[in-house]
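Here is what each chain is made of, one letter per residue.
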Amino acid sequence: MLSWVPRRRTTAAANAPAQAEIPKPVILKTPQPIALALGGGSARGWAHIGVLRALNEANIKISMIAGTSIGALVGGCYLAGKLDELEEFARSLTRRRMFSLMDITFRGSGLFGGMKLDRKLHQHLDGLNIDDLPCPYVAVATELRTGHEIWLSTGSLIMAMRASYALPGVFEPIRYDHRLLVDGALVNPVPVSVCRAYEQQLVLAVNLNYDQFGRAAVVKYTSPARAGQEDTINPAQAGVISHESRLGITGVMMDAFNIIQDRISRARMAGDPPDIALMPSIGHIGLTEFHRAAETIDIGYQETRKQLENIERLQRVIF
């Protein structure tokens, strides 16, 4: 009597729309190369040397490098085959030698002219263009007058690197054609978006600013000082206040730039995340402590070694 029920169920099942199959990852026999997004971080950028050393030891092929600030410097020297010379220079730095490389100027647009460092670059990279490099390379800079993000992918390698690390107030801006360029970390501290624009399938980012504890926190502070008592200082805290006020102009500039770079990198990487991120714990290295290269390079190397298994796994998987 109810023989029509199974037939109805069969008909309904036949007319139901087919569910889309979830694509399964494809396992590759040959690992795909990776694109590197090397972030800015001043003296902390020596960690990029350790990262590249570890990747080289693991025979991981690099298809592209996009660099910001010191990331552009290290990435450019690597592709030019001058990483050994750069590492030797970095490890040789002492406080005294750092001062000998600083050509202080009071007439220009920056504290240092940068020509002494420029001569060092010309000793090893003179006459080399970005087009001569074995794979795509992009240095990120900022146009001072408009705030535009500038991608330097052709022309002089030295000029591109100098423009990318021209920290405002520290180094003089670089005139590049009709543009006035400064540090690219002002607009794109970790240039993952550049690698994506070049259609790179696998992007590895090196973020040197993630462990700046408290930089992104909001503190609701209640001041104990009442109206008319603003200038009153607790004698027990006088020593602390006096010590913290000795930052100097350079210290204030560096700390402010550190905060800006951290906030921008958080926002941009949240909107355009890499496939894998290396985040060396180097927050204790000051932005101007270039003489601590040996320690910084080793931290970058060890962090990359810890992530090699994940990197090699991602190289063989396509979704």
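All values derive from a computational prediction rather than experimental measurement.

*Asks:* What should I look at first to understand the overall build of the protein chain in this one?
*Replies:* Summing up its helical and strand segments, the protein chain has eleven helices and twelve strands in all. Relative to its full complement of 319 residues, the protein chain shows a buried share of 43%. Contacts in the protein chain between residues far apart in sequence, at least 24 positions, make up 77% of those at least 6 positions apart. Total accessible area on the protein chain stands at roughly 18,000 Å², and carbon and sulfur atoms take up 55% of it.

*Asks:* Would you take a moment to explain helix α2 (residues 47-57) for this structure?
*Replies:* Side chains that are three or four residues apart share a direction in an α-helix, a result of its 3.6 residues per turn. By the criterion of burial, α2 is predominantly enclosed, with eight of the eleven residues buried. Within α2, the full set of buried residues consists of Ala47, His48, Ile49, Gly50, Val51, Leu52, Ala54 and Leu55.

*Asks:* Just to check I follow, could you spell out unusual backbone geometry for this structure?
*Replies:* Glycine aside, the phi torsion of most residues is negative, and most peptide linkages are trans. Although it is not a glycine, Asn59 adopts a positive phi angle of roughly 60°. Positioned with a positive phi, Ser69 is a non-glycine residue whose angle comes to about 60°. In this fold, Ser69 is placed in the loop between β3 (62-68) and α3 (70-79). What makes Ser69 buried here is its relative accessible area of 5%.

*Asks:* Would you take a moment to explain the packing of aromatic side chains for this structure?
*Replies:* Overall, the coordinates contain one aromatic pair when judged by the stated rule. Ring centres of Trp46 and Phe290 lie 6.1 Å apart, and the angle between their planes is 75°; this geometry places the pair in the edge-to-face category. Note that Trp46 is positioned in the loop between β2 (34-38) and α2 and Phe290 in the loop between β11 (276-278) and α11 (293-315), a separation of 244 residues in sequence. Take Trp46: its relative accessible area is 3%, and that puts it in the buried class. Classification of Phe290 by relative accessible area gives partly exposed; the value is 25%.

*Asks:* For this particular structure, what's the right way to read the nonpolar core?
*Replies:* It is characteristic of soluble globular proteins that their nonpolar side chains tend to be buried jointly. Leu36, Trp46, Leu55, Tyr137 and Leu152 are the most contacted members of the largest nonpolar core, which has 66 residues in total. The dominant element in this core, judged by the number of residues it contributes, is α3, at seven residues. Those residues within four positions of Tyr137 in sequence are excluded, and the remaining contacts are Ile65, Ala72, Gly75, Gly76, Leu79, Ile130, Leu152, Ser153, Leu157 and Met161. Counting 13 residues, the second-largest nonpolar core is a separate cluster that includes Ala37, Ala66, Val192 and Val194.

*Asks:* Got a minute to help me understand the pattern of salt bridges in this structure?
*Replies:* Should their charged atoms come close, side chains of opposite charge can pair. For the structure shown, the criterion picks out eleven salt bridges. Residues Glu87 and Arg91 are paired through a salt bridge, measuring 2.9 Å at the closest nitrogen-oxygen approach. With Glu87 and Arg91 both in helix α4 (residues 83-92) and four residues apart, the pair spans about one turn of that helix. Assessed through its relative accessible area of 43%, Arg91 is described here as partly exposed.

*Asks:* Looking at this structure, how should I read the side chain of Ser63?
*Replies:* Inspection of the secondary structure assignment puts Ser63 in strand β3. The class of Ser63 is buried, set by a relative accessible area of 16%. In terms of polar contacts, Ser63 uses its side chain to reach the side chain of Gln200, at 2.6 Å. Not counting residues up to four positions away in its chain, the partners in contact with Ser63 are Pro33, Ile34, Ala35, Cys135, Pro136 and Gln200.

*Asks:* Can you help me understand the pairing of β2 in this one?
*Replies:* The element β2 is largely enclosed, with a buried count of five among its five residues. Side chains Ile34, Leu36 and Leu38 of β2 all project onto a buried face; the interleaved residues Ala35 and Ala37 project onto the opposite face, where all are buried too. In terms of strand pairing, β2 meets β3 through five bridges, oriented parallel. Paired with Ala37 across the bridge in β3 is Ala66. Handedness of the crossover joining β2 and β3 through α2 is recorded here as right-handed.

Calculation notes
Residues numbered from 1 in each chain as written. Predicted model: local features only at pLDDT ≥ 70, side-chain atom pairs only at ≥ 80, totals over all residues. Heavy atoms only, no water. Helix = DSSP H or I, 4+ residues; strand = E, 2+ residues; numbered from the N terminus. Buried < 20%, exposed > 50% of the residue type's maximum accessible area, 1.4 Å probe, protein only. Contact = heavy atoms within 4.5 Å. Areas by Shrake-Rupley, 256 points an atom, 1.4 Å probe, with all protein chains shown as cover. Phe/Tyr/Trp six-rings, centres within 6.5 Å; stacked < 30°, edge-to-face > 60°. Core = buried A, V, L, I, M, F, W, Y, C linked by side-chain atoms within 4.5 Å. Salt bridge = Lys/Arg side-chain N within 4 Å of Asp/Glu carboxyl O. Polar contact = N/O pair within 3.5 Å; in protein donor to acceptor, adjacent residues only side chain to side chain. Pairing = 2+ DSSP bridges. Right-handed = clockwise from strand over helix to strand, strands pointing away.

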